[in-house]
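So you can see what is in the structure, the chains are spelled out below.
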Amino acid sequence: TVTGGDGAVAGGNYAANGGGAAAGGGTTTVSPLAHIVDASGFVRAYYAAIDGRRYADVWQVLSPAVKARFGGYDKWRSGYSTTVEDRASGVQVLQRTASQVVVKTLIDATDTSCDDTQKFAVTFTLQQAPGGGWNVASLSATRRGLASAC
């Protein structure tokens, strides 16, 4: 996992970019994540999709700015090659407006290349999507606890 200077995490367990047809061309379908109305449920489903290797579903709900910040689909997806699980807990809405919600969650990330669980606090800014669901407008993460050797 690589952390950017602004606290955003690129690759590894914390990515903000998935992949699939939307990343590499082909037929584009609507992500099942796009239909989740509850913001906390969206964040849980986001990590469930990553753990389920449904990267195309995740990619489709990310803003172009988030995708660009993480270096595109191929770079992001390769960061998950050793990921076992990203366990979300303590999901809470911090701020809400008519069209935007800020949600924070704690993540325990398990990776085959690391003996220790990596711990992060992740903050999502979600923008309401045309169908009533959410898109990820921004995403940042801060490591919790001591930095592991991973």
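The structure displayed is predicted, hence computed values, not measured ones.

**Considerations on the packing of aromatic side chains**
For the structure on display, the rule yields seven aromatic pairs. Centroid distance Tyr-46 to Phe-124: 5.0 Å. Interplanar angle 80 degrees. Geometry classified as edge-to-face. With Tyr-46 in helix α2 (residues 39–51) and Phe-124 in strand β5 (residues 118–128), this residue pair connects regions lying 78 residues apart in the sequence. In this pair, the class of Tyr-46 matches that of Phe-124, namely buried. Pairing Tyr-47 with Phe-124 gives two aromatic rings, centres 6.0 Å apart and planes at 85 degrees, and the pair type is edge-to-face. One end of the pair, Tyr-47, is in helix α2; the other, Phe-124, is in strand β5, and 77 residues separate them in sequence.

**Notes on the pairing of strand β4 (residues 100–111)**
Bridge count between strand β3 (residues 83–96) and β4: 10 bridges; the pairing is antiparallel. In the strand pairing of β4, Asp-86 is matched with Ala-109. Following β3, the chain reverses through three residues before pairing antiparallel with β4. Relative to β5, β4 runs antiparallel, the two being bridged by 10 bridges. Paired with Ala-109 across the bridge in β5 is Gln-118.

**Here we look at the nonpolar core**
Counting 33 residues, the largest nonpolar core has Tyr-46, Phe-124, Leu-126 and Val-136 as its most contacted members. Looking at this core, the elements with two or more residues in it are α2, α3 (55–60), α5 (73–78), β4, β5 and β6 (134–143). In terms of residues, this core owes the most to one element, α2, which gives eight residues. Beyond its immediate stretch of four places on either side in the chain, Leu-126 contacts Ala-39, Phe-42, Val-43, Ser-99, Gln-100, Val-101, Val-103, Trp-134, Asn-135, Val-136 and Ala-137.

**Description of the pattern of salt bridges**
The tally for this structure, following the rule as stated, stands at five salt bridges. We note a salt bridge from Glu-85 to Arg-87, for which the minimum N-O separation is 3.9 Å. Between Asp-108 and Arg-144 there is a salt bridge, with its nearest N and O atoms 2.8 Å apart. Remark: Arg-144 occurs in the segment after β6 and Asp-108 occurs in strand β4; sequence separation between them is 36 residues. A residue is classified by how much of its surface remains accessible, and Asp-108, at 12% relative accessible area, is buried.

**A word on the environment of Val-58**
Of note, Val-58 is situated in helix α3. Among the residues examined, Val-58 registers a relative accessible area of 0% and is labelled buried. The spatial distance from the C-alpha of Val-58 to the C-alpha of Ala-34 is 9.2 Å, given a sequence separation of 24 residues.

Cut-offs applied
Residues numbered from 1 in each chain as written. Predicted model: local features only at pLDDT ≥ 70, side-chain atom pairs only at ≥ 80, totals over all residues. Heavy atoms only, no water. Phe/Tyr/Trp six-rings, centres within 6.5 Å; stacked < 30°, edge-to-face > 60°. Helix = DSSP H or I, 4+ residues; strand = E, 2+ residues; numbered from the N terminus. Buried < 20%, exposed > 50% of the residue type's maximum accessible area, 1.4 Å probe, protein only. Pairing = 2+ DSSP bridges. Core = buried A, V, L, I, M, F, W, Y, C linked by side-chain atoms within 4.5 Å. Contact = heavy atoms within 4.5 Å. Salt bridge = Lys/Arg side-chain N within 4 Å of Asp/Glu carboxyl O.

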